[in-house]
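Fold and contact review
What follows is each chain in one-letter form.
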Amino acid sequence: MSRNLEALELWRGALVASVRAAGPDLSARQLALLLTVYMTPPPHTVRGLAATLNVSKPAITRALDRLGRLGFTKRKRDAEDRRNVLVQRTVKGSVFLHEFGQMVIDAGAVQGALDGARAMPPRPPSAPLLRSRFPHRYDVRCPASPSPRQPPRRP
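Residues numbered from 1 in each chain as written. Predicted model: local features only at pLDDT ≥ 70, side-chain atom pairs only at ≥ 80, totals over all residues. Heavy atoms only, no water.

1. With respect to the sheet that holds strand S3 (residues 85-89)
Just so we agree on the cut-off: Only when DSSP finds a minimum of two bridges between them are two strands counted as paired. What counts as a helix is a DSSP run of H or I of at least four residues, what counts as a strand is a run of E of at least two, and both are numbered from the N terminus. Contacts were defined at the residue level, with two residues in contact if any of their heavy atoms lie within 4.5 Å. In this analysis, axes come from line fits to C-alpha atoms, helices being fitted only over the stretch in contact, and the angle between any two N-to-C directions falls in the range 0 to 180 degrees.
Strand order in the open sheet made by the three strands is S1-S3-S2, with antiparallel pairing throughout. If you trace the sheet from one side to the other, it starts and ends with strand S1 (44-45) and strand S2 (73-77), each paired once. Across two bridges, the pairing between S1 and S3 is antiparallel. The residue of S3 that forms the bridge with Thr-45 is Leu-86. Running at roughly 85° to S3, helix H2 (residues 28-39) makes contact with S1, S2 and S3 of the sheet. Strands S2 and S3 of the sheet are contacted by helix H4 (residues 57-70), whose axis makes an angle of about 115° with S2.

2. Details of the nonpolar core
To keep it simple, the criterion reads: Buried Ala, Val, Leu, Ile, Met, Phe, Trp, Tyr and Cys residues that are joined via side-chain atoms within 4.5 Å together make up what is termed a nonpolar core. Burial classes follow relative accessibility: with a 1.4 Å probe on protein chains only, a residue under 20% of its type's maximum area counts as buried, one over 50% as exposed, and anything between as partly exposed.
Membership of the largest hydrophobic core comes to 20 residues, with the highest contact counts inside it found for Leu-26, Leu-33, Leu-34, Ile-60, Phe-72 and Phe-96. Only H2, helix H3 (46-53), H4 and helix H5 (91-114) provide two or more residues apiece to this core. Contact partners of Leu-34, with chain neighbours within four places excluded, come to Leu-26, Leu-67, Phe-72, Thr-73, Phe-96 and Leu-97.

3. A few points about the packing of H3 against H4
Note the threshold: Should an angle lie under 35 degrees it is considered roughly parallel, over 145 roughly antiparallel, and from 65 to 115 roughly perpendicular; all remaining angles are considered oblique. Charged means Asp, Glu, Lys or Arg here, nonpolar means Ala, Val, Leu, Ile, Met, Phe, Trp, Tyr, Cys or Pro, and polar covers whatever is left, Gly included.
Relative orientation of the contacting elements H3 and H4 amounts to 110°, with a least axis distance of 9 Å. On the basis of the axis angle, H3 is roughly perpendicular to H4. Every residue of H4 that contacts H3 at Val-46, Arg-47, Leu-49, Ala-50 and Leu-53 is listed here: Lys-57, Ile-60, Thr-61 and Leu-64. Within the contact of H3 with H4, the residues separate by chemical class into six nonpolar, one polar and two charged.

4. Looking at the side chain of Asp-78
The condition is simple: This count recognises Lys and Arg as positive and Asp and Glu as negative, with His and chain-terminal groups excluded. The term salt bridge refers to a side-chain nitrogen of Lys or Arg lying within 4 Å of a carboxyl oxygen of Asp or Glu. Polar contacts here mean pairs of N or O atoms no more than 3.5 Å apart (in protein, one a potential hydrogen donor and the other a potential acceptor; neighbouring residues in sequence count only if both atoms are side-chain atoms).
Looking at the secondary structure, you find Asp-78 in the loop between S2 and S3. Buried charge without a salt bridge: Asp-78, with Arg-82 as the nearest opposite-charge side chain at an N-O distance of 8.2 Å. In this structure the side chain of Asp-78 is engaged in a polar contact, spanning 3.1 Å, whose partner is the backbone nitrogen of Glu-80. Contact partners of Asp-78, with chain neighbours within four places excluded, come to Asn-84 and Leu-86.

Shown next, in the form of structure tokens:
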């Protein structure tokens, strides 16, 4: 199976698990917005999120309304410029994404088992790459990880 089809099958498996779970059913736009808020450094504004996702501000507002009703995000006026509304993370949203991430991992494990391949954990990126992409999550004093090994080739 091609790498693209494998990726789509993994995503399908994660989405099916999400739909079957008792949690909320988010649209692709809502999920993309939620992931953007949680995985990119703050502050987040409606205008900035609209530019990042290349969608209109009203579309972001509607998605934020839904995410806010679910308790996954909250809005707060910017103390420095009261015209701006900042989008903030919540504990409930963090828990939801943690559980969704586990569904993706589980879907990958199932897919690996179905392919007859030994499910291998993904190779972690080096610490400098993680710190450059997510500086708000990683302490700069963290020592760099050793260079990753090349995964063994399948016959």
